[in-house]
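In case you want the letters, here they are:
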Amino acid sequence: MNNYQSIFESAAEAIIIWNESTNIIKVNPSASSYLGYSCGELEAMQADHLESSEKRQQFPQRVRTLLEHGHIAYGTILLHKDKTHLQVAVSASRIVWDNQTAFCSIYHFLDESQARFCAITDSTKDAIMMMDEKGLVSLWNSAAEKIFGYADSEVMGRNLHTLLAPSRYHQAHITAFRRFQQTGEGNAIDRTLELKACHKDGHEVNIELSLSRLHMSGAWHSLGIVRDITERKRAEQKLRESEERFRVLHNASFGGIVIHDQGIIIDCNQGLSKISQYTIEELIGMNCLQLIAPDWRSIVMDKIHSGYEANYEVEGFRKDGTTYPLSIRGSNIPYKGHEIRVAEFRDSTESKQLEDQLIQAQKMESIGTLAGGIAHDFNNILSAILGYVDLARSLTPATSPAKKSLDKALKAIKRATLLVHQILAFSRQKDTKRVPLQVAPIIKEATKLLRPMLPSTIEINQQIKEDSWSILADPTQVHQILMNLCTNACHAMEMTGGTLTVTLKNIDFTLLDVQQQPGVQPGQFVILSIGDTGPGIPFEVRKKIFDPYFTTKAVDKGTGMGLAIVHGIVKKYGGFITVDSEQGKGAWFHIYLPAVEQAESSEDVEDLMIKGDNKRILLVDDEETVADIGRAILEYLGYEVTVFTSSVEAFSVFQQDPLLFDVVITDQTMPAMTGFDLAQRMLAIRSDIPIIICTGYSNTLSEEKAQKLGVRAIAMKPFAISDLSKIIRKVIDE
């Protein structure tokens, strides 16, 4: 014991004995000398209070390590009595003192160079660790503690690789370390690697390891500098994800994206490849002006040089040499110290078509409005003509030579009336009534109208089956089908001349016959065929001819809506269309329409006129000519007639004596007060007064509206005497 006591007292290193409560039990003179305290002062202190406040926090962990492993080595900072810091290396062991567990710490005070080394290693943000020839930790700085969660007291003397390397790498390390022990060589020596390492809490840390070797005391040691690159890896992952999102958006863009530097394409997306017909590989490095039609390149160059950012329209130039409407929007962005340009290319073919369709729709709407106005004026003219001709015919004896002429004139006026009704149907843009009808008379009427418009080089050949079945259709729409198809056929032959053929026949279809026509039911059909001897229709064009706004005609020759309308009407009627054509051999359009029970014959019947029995009629029309013939007709029918060309004056007279008249007949479209307004005011005074409103065109008056108001009837101009007489008698009898 005396020998141990002698060694304890004479040791150059400071030796301190302390218990589990960290109370100091015994110190040697060297401890007193180094720390500036007397032995008595030290033995009244606690061992952990000798360390700096930062290092003191690690003391409880060191106690646990000592209890578990019996030995620990670490570096720390002690506080001198004068508060100066002392760098020390500590070797501590678990011992038995007075039959109780105690600990013996031997402090090796570092000289100035050693202390400077410790200060440097502890101040760096990178972990510095050393592994001895056995693979055990011999150096572990403060940064290593922060990165891996282990205090130096927990790792000193332990196997570094077992402690930090994920288990999946252990076997490879054993083999590599044996080689290193023998030769000092290894795949990781003098290299910087990115690896995964284990944190104390079990999660893996991304690290960058720079490994070097030292030959000391005849053996190879390794020194590692470790940097935590978790945040960098996280940032790199976010960058990759951001780049991937950009790439997805870049390629998913509905337009073509191009990034160019002084016009030279450095990046682009799949959209630009699709628009331009070049591959992305072909586009990279290309001058973007090659994607612009030659006549527009100077304009695009000016926009690029000026940094123009608004949208503008030019012509694009595809790989196959075709041009197309192109919309461009660009913006300059900073890149590697200078500006580059990002631009979006959009094929505006579809938007141009939509724009053209909108313009065309507006034109059609304007034409419809104009047509309604023309029809109104024309109806007034026709009303006067029809009235005078009909009256003259009624006053002419049957044996008079003039009778036949008046009959023909009356037929011509009725044909004109039909035309006006067709114009009105167009202007109203709504479905008209479908009735059973025979197609043959409509064909004859349409070809009569068409003949004066055709050059003499085109002949019309009709092959009409007179006993063809009837169809359920609107006569105006059937007329529209005929005129559209016949006009197209004539356009095909206008340069060369030829023959326009119109045929009409009956056919029975079985289920097998119509199985290729969706929605078409078998049964009896009427086939209306229109053929020409023109140049024919190419196959590629035939696939598109029923598409809205598709046309091969010049701008002033058609809108591309004719065949689309025909197709729509035929489908609505439950029929179908086929096209036969070969280039150089003309074209045939075959319209198949379901047949219905026979329509009544349209033979002329003598119109019956119903006399008036001296009933008193108030007639109101602002057109003097119409008012005059109206008076003449009504007087011829036997009525007493009072006529006004001013609706305001007419109302004033009615207001004075509401019982003066048996019937009121008024025009609808008049200044100051319309027929509808006049009827409302009269009915407010006398609700039982029979009122007839005459109109050739009105977008504000309907049968339903008139009936709700109390108007007895609406008469469509122009009308024959017999029709007017029947309407008057009907409202009087009601």
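All of these numbers come straight from a predicted model, not from anything done at the bench. (Residues numbered from 1 in each chain as written. Predicted model: local features only at pLDDT ≥ 70, side-chain atom pairs only at ≥ 80, totals over all residues. Heavy atoms only, no water.)

## Concerning the packing of helix 17 (residues 439-450) against helix 18 (residues 475-493)
Two quantities define a packed helix pair, namely the angle between the axes and the distance from one axis to the other. At a minimum axis separation of 10 Å, helix 17 and helix 18 run at an interaxial angle of 45°. When the axes of helix 17 and helix 18 are compared, the pair comes out oblique. Handedness of the crossing formed by helix 17 with helix 18: right-handed. Packed against helix 17, whose contacting residues are Val439, Ile442, Ile443, Ala446, Leu449 and Leu450, the element helix 18 presents Pro475, Val478, His479, Leu482, Met483, Cys486, Thr487 and Cys490 at the interface. Residues that form the contact of helix 17 with helix 18 fall into these classes: 12 nonpolar, two polar and no charged. (Axes fitted to C-alpha atoms, helices over the stretch in contact; angles between N-to-C directions. Helix = DSSP H or I, 4+ residues; strand = E, 2+ residues; numbered from the N terminus. Parallel < 35°, antiparallel > 145°, perpendicular 65-115°, else oblique. Left-handed = near helix turned anticlockwise from the far one by under 90°. Contact = heavy atoms within 4.5 Å. Nonpolar A, V, L, I, M, F, W, Y, C, P; charged D, E, K, R; others polar.)

## A look at the confidence of the model for the protein
A residue-level look at the protein finds 86% of positions with pLDDT of 70 or above and a mean pLDDT of 82. Here residues 554-561 is modelled with pLDDT under 50, and outside its nearest four sequence neighbours on either side it reaches 14 contacts, counting other chains as well. In this model, residues 601-606 is a region of pLDDT below 50 whose contacts with residues beyond four sequence positions or in other chains number two contacts. (pLDDT = per-residue confidence, 0-100.)

## Brief notes about the sheet that holds strand 5 (residues 100-109)
The pairing of strands in a sheet comes from backbone hydrogen bonds and takes either a parallel or an antiparallel form. Judged by pairing direction, the sheet is antiparallel, and its five strands sit side by side in the order 2-1-5-4-3 without closing on themselves. Looking at the sheet topology across the chains shown, the edges are occupied by strand 2 (24-27) and strand 3 (71-79). On average, adjacent strands in this sheet sit at an angle of 30° to one another, irrespective of strand direction. Inspection of the sheet shows strand 1 (residues 14-19) paired to strand 5 by six bridges, in the antiparallel sense. Pairing of tryptophan 18 across the sheet is with phenylalanine 103, part of strand 5. Against the sheet, helix 5 (residues 59-69) makes contact with strand 1, strand 3, strand 4 (85-97) and strand 5, and its axis sits at roughly 155° relative to strand 3, the strand it touches most. (Pairing = 2+ DSSP bridges.)

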